[in-house]
Amino acid sequence: MANFSLFRLARFIRSIFVPTASIIAFSCMLTFIFILYQPTPGPGSIQRLGWQSWEVVTEFAGQGSTAQGSAAQGSSEDIEVPGAATSNPEGVDWWNVTTGSDIVDTASLPLDIWDPLMQHDTGLSEIHITDCLVDPFFVPYVAPDICYPSTTKQDDALKGKWVRVERNLKEQLSLKSLNVFYRRTRRHDVPLVTELRILPDKEAPSPFSNTWQKVAHPINPAGEKRFLWYKTDRTWRDMTEAERRTDIVTEVDVLFGSDEPWYGFEKVSNPAFDGEGKKLPVWLTFRKGVKPPPRAPPLHFSRNGRFKIMQIADLHYSVSVGECRDTALNPCVGSDNLTSTLLGRMLDAEKPDLVVFTGDQLNGQDTSWDSPSVLAKFAKAVTQRGIPWAAVFGNHDDEDGLSRAEQMKYMKGLPYSLVEAGPKDIHGVGNYVLKVWSADPSKTHLLTLYFLDSGSYYTGVWDYFGFMPTEYDFIRQSQIDWFLQESSSIDAILRPFTPDSSKDLGDMWKRQDPGQVLPSSQRLAKPNALMFFHMPVAESYSAADVDAATGRSLDVGEHDLEAPGSSKRQEGFFHKGILQAPESDHRAGGQASEVKVVANGHCHLTENCRRVKGVWLCFGGGGSYSGYGKIGFDRRFRIYDISEYGETIRTYKRTEDNEIVDDMILAGRGAPRPYEGAV
């Protein structure tokens with residue numbers, strides 16, 4: 001019996017051995033994989049796939065800006081939008097917290113495409129110049145065979161493929177093209193370009209060494225023969241990390257005219273062409289290392305509930321230094337530079353929180369044929385002061401040079417830019433919305449800013465003698481629908497706004513202006529809104545509302561000094577759009593429109609504010625010596641001073657003589673009584 005029992009026990013143990021052992025082995029494997037095994041990065045973790053796929057690449061993070069004004073390139077996904085679930089260090093304002101979006105992933109950028117806005121950290125290995133009978137821009141499929149430097153597969157693998165700098169040095173001189181080409185490589189054993197010089201023929205860099213290379217073809221598009229020299233004295237592995245960031249030439253560009261180059265670039269010491277008569281100087285520019293433009297912080301009210309906007313209308317800048325028009329200044333030379341100086345004085349006097357350019361930044365009319373050279377300077381006075389800015393297009397901006405879409409790409413690449421291209425399925429480029437938030441931890445949306453593209457010229461009517469459109473464009477139905485959709489998506493808030501619990505921020509909320517008194521009654525309504533576009537609607541010239549208290553027309557400022565600037569064609573934006581977007585859906589909220597002010601440019605001698613059916617239609621007036629004007633009519637800039645956390649909108653104009661003109665309240669306490677007529 002005992003033997004029988006032992007036999008059965010042994011047979012039982014044998015029957016469960018295999019599944020038990022399998023379970024134990026599987027458990028050990030899971031323990032090793034998820035707990036004990038800690039993999040280390042191998043060589044593959046620092047490699048990228050591409051035509052130089054197995055060259056080792058350094059994962060160098062671009063130098064993101066960490067300063068308070070560090071800004072996005074203008075798109076909504078780049079701009080930090082306040083959220084409710086954020087945790088900031090104690091004593092740090094929510095808008096001063098940097099995010100990971102500041103880091104530039106340079107390793108993912110293509111090596112064989114020229115784009116001066118790309119923040120490469122890879123260096124150049126070779127430079128060449130070619131002279132072609134036709135601009136490669138017009139024959140892109142044939143150009144590589146007839147205009148590009150010769151190469152071999154071995155050179156492409158070692159030094160990189162030839163990349164054309166798509167700026168014709170002979171742009172203003174000839175139908176032929178003169179282009180700079182370079183190779184870019186990620187290899188660590190290839191000498192990289194660290195210095196550039198342009199010198200006359202038969203002159204060499206000093207001190208000279210065999211690391212200097214002379215480009216065989218002259219770089220001058222005309223005039224004295226000059227050659228480009230470049231120095232390749234060290235490889236990537238021979239440099240320290242600091243030297244890689246400061247010494248390696250990472251991009252090359254061309255500048256026409258005598259102004260400053262694009263942000264992050266510097267000029268080669270001598271120009272390729274000095275200029276002659278009306279032909280402008282031509283410069284080769286370069287960037288060293290990675291220099292992303294600083295980002296703008298999210299727009300926000302001050303702690304005492306104020307936010308100031310400066311409108312800059314109709315700069316009319318050119319590739320040249322500009323020509324003065326209709327001014328008593330004498331002498332008046334270099335109108336663009338004089339205007340930038342004037343802008344600097346106005347900005348220092350007003351210290352705005354936001355600057356809005358309301359169109360015609362570029363003069364067009366065959367004077368802004370190289371758009372990047374003009375775009376590099378039009379906002380210089382603003383970016384140098386670290387002020388966030390936005391812009392819309394005017395009718396002259398794309399008359400020559402780049403298209404609106406291409407210009408938008410460049411404007412987004414400028415420091416502190418908040419511009420956006422907007423949806424592609426509606427008319428125009430630059431239809432977008434910016435929101436201004438409260439400074440307290442609640443991050444409440446307190447002010448809405450709408451930007452629209454009013455177009456340039458309506459192409460249905462042409463002047464067949466001049467081959468130019470003769471009618472101004474207008475805001476189309478697709479833009480009206482977009483505006484109504486954006487307006488309907490904005491949530492109502494409890495107005496007037498009060499900051500979130502003074503206990504959260506100590507006594508900072510006690511530091512309000514002595515005369516600032518908030519209305520006592522509260523209601524649910526959308527935040528007030530301002531709207532910016534270049535060309536006015538026809539209603540800007542309609543009969544003004546009448547102030548019930550005084551019996552006077554609500555029309556303040558200069559007008560009727562020039563013909564109306566609105567289009568003869570309209571699709572009813574004012575009535576079908578603006579007046580159909582109330583600030584409140586409640587019957588008790590009355591019929592007040594969400595948009596309290598529409599700000600236009602376009603008409604340099606018109607600078608009035610006229611209220612029509614409860615909406616103020618305001619002009620900025622000409623602010624540039626480069627645009628038309630009238631002697632005795634000072635250049636001026638309109639200011640919108642918003643206070644009481646968005647409830648009160650005040651406006652005035654500051655002239656070139658520092659006079660404050662037509663100071664008035666448009667909305668809020670002290671404003672004329674609300675409109676009560678039919679809409």
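Structure: see above.
Quick look at the structure, then. These figures come from a predicted structure and were not determined experimentally.

## Some points on the sheet that holds strand S14 (residues 445-451)
Here's step 1: Ordered in space as S13-S14-S19-S21-S23-S22-S20, the 7 strands form an open sheet in which the pairing is mixed. Where the open sheet ends on each side, the last strands, each with one partner, are strand S13 (432-437) and strand S20 (555-556).
Here's step 2: Sheet strands touched by helix H9 (residues 477-488): S13, S14, strand S19 (528-532) and strand S21 (595-600). Its angle to S14, the strand with the most contacts, is close to 175°.

## Overview of the state of the cysteines
Here's step 1: Going through the model one piece at a time under the given rule, you end up with 3 disulfides.
Here's step 2: Shown here is the disulfide that connects cysteine 132 with cysteine 147, its sulfur atoms set 1.9 Å apart. Taking the torsion about the sulfur-sulfur bond, which here is approximately -40°, the covalent link between cysteine 132 and cysteine 147 counts as left-handed. Here cysteine 147 lies in the loop between helix H2 (143-146) and helix H3 (153-159) and cysteine 132 lies in strand S1 (residues 123-132), a separation of 15 residues in the sequence.
Here's step 3: Under the relative-accessibility criterion, cysteine 132 is labelled buried at 6%.
Here's step 4: In this structure cysteine 147 comes out as buried when scored by relative accessible area, which is 4%.

## With respect to the packing of aromatic side chains
Geometry of an aromatic ring pair is reported as the spacing of the ring centres plus the angle between the planes.
Here's step 1: By the definition in use, this model includes 18 aromatic pairs.
Here's step 2: For the pair phenylalanine 451 and phenylalanine 532, a centre-to-centre distance of 5.4 Å together with 15° between the ring planes defines the contact as stacked. Note that phenylalanine 451 is positioned in strand S14 and phenylalanine 532 in strand S19, a separation of 81 residues in sequence.
Here's step 3: On the basis of relative accessible area, phenylalanine 451 is assigned to the buried category, the value being 0%.

## Brief notes about the nonpolar core
Here's step 1: In terms of nonpolar packing, the biggest core is built from 99 residues, with Leu196, Ile309, Phe357, Phe378, Trp389, Leu449 and Tyr640 touching the most fellow members.
Here's step 2: Here leucine 196 is in contact with Ile127, Leu228, Trp229, Tyr230, Val249, Val252, Val268 and Phe286, once residues within four sequence places are set aside.

## Things to note about the side chain of threonine 185
Here's step 1: Tracing the backbone shows threonine 185 in strand S3 (residues 177-185).
Here's step 2: Since its relative accessible area comes to 1%, threonine 185 is described here as buried.
Here's step 3: One polar contact links the side chain of threonine 185 to the main-chain amide nitrogen of arginine 187, over a distance of 3.1 Å.

## Observations concerning the pattern of salt bridges
Here's step 1: For the structure on display, the rule yields 41 salt bridges.
Here's step 2: Taking the shortest distance from any N to any O, the salt bridge between glutamate 224 and arginine 226 comes out at 3.0 Å.
Here's step 3: With relative accessibility at 9%, the residue arginine 226 sits in the buried group.
Here's step 4: A salt bridge links arginine 404 to aspartate 453, with the nearest nitrogen and oxygen atoms 3.1 Å apart. Here arginine 404 is found in helix H8 (residues 404-412), whereas its partner aspartate 453 is found in the loop between S14 and strand S15 (457-463), with 49 residues between them in sequence. There is no split in this pair, since arginine 404 and aspartate 453 are both buried.
Here's step 5: Through salt bridges with shared partners, a single ionic network connects Arg495, Arg523, Glu583, Lys596 and Glu647.

Each value, and the rule that gives it
Numbers given to residues run from 1 along each chain, matching the order in which its sequence is written. Restriction of local features to residues with pLDDT of at least 70 applies here, the model being predicted, together with a cutoff of 80 or more for giving and counting side-chain atom pairs; totals for whole chains, interfaces and linings are based on all residues. Computation of side-chain values: all heavy atoms of the structure, hydrogens and water removed. For two strands to pair, DSSP has to find at least two bridges joining them. For the purposes of this entry, the term helix denotes a DSSP run of H or I that reaches at least four residues, the term strand denotes a run of E that reaches at least two, and both are numbered from the N terminus. The contact rule is simple, with two residues in contact once any of their heavy atoms fall within 4.5 Å. In this analysis an axis means a line fitted to C-alpha atoms, helices contributing only their contacting stretch, and an angle means the value between N-to-C directions, from 0 to 180 degrees. Only a pair of cysteine sulfur atoms within 2.5 Å counts as a disulfide in this structure description. Throughout this description, buried means an accessible area under 20% of the type-specific maximum (1.4 Å probe, protein chains only), exposed means over 50%, and partly exposed covers the range between. When two rings of Phe, Tyr or Trp (its six-membered ring) have centres within 6.5 Å they constitute a pair, described as stacked for plane angles under 30 degrees, edge-to-face for angles over 60, and tilted for the intermediate range. The nonpolar core is taken to be a set of buried Ala, Val, Leu, Ile, Met, Phe, Trp, Tyr and Cys residues, with the residues joined through side-chain atoms within 4.5 Å. In protein, a polar contact requires one atom able to donate a hydrogen and another able to accept it; more generally it is a pair of N or O atoms within 3.5 Å, and residues adjacent in sequence count only if both atoms are side-chain atoms. Salt bridge, as used here: a side-chain nitrogen of Lys or Arg that lies within 4 Å of a carboxyl oxygen of Asp or Glu.

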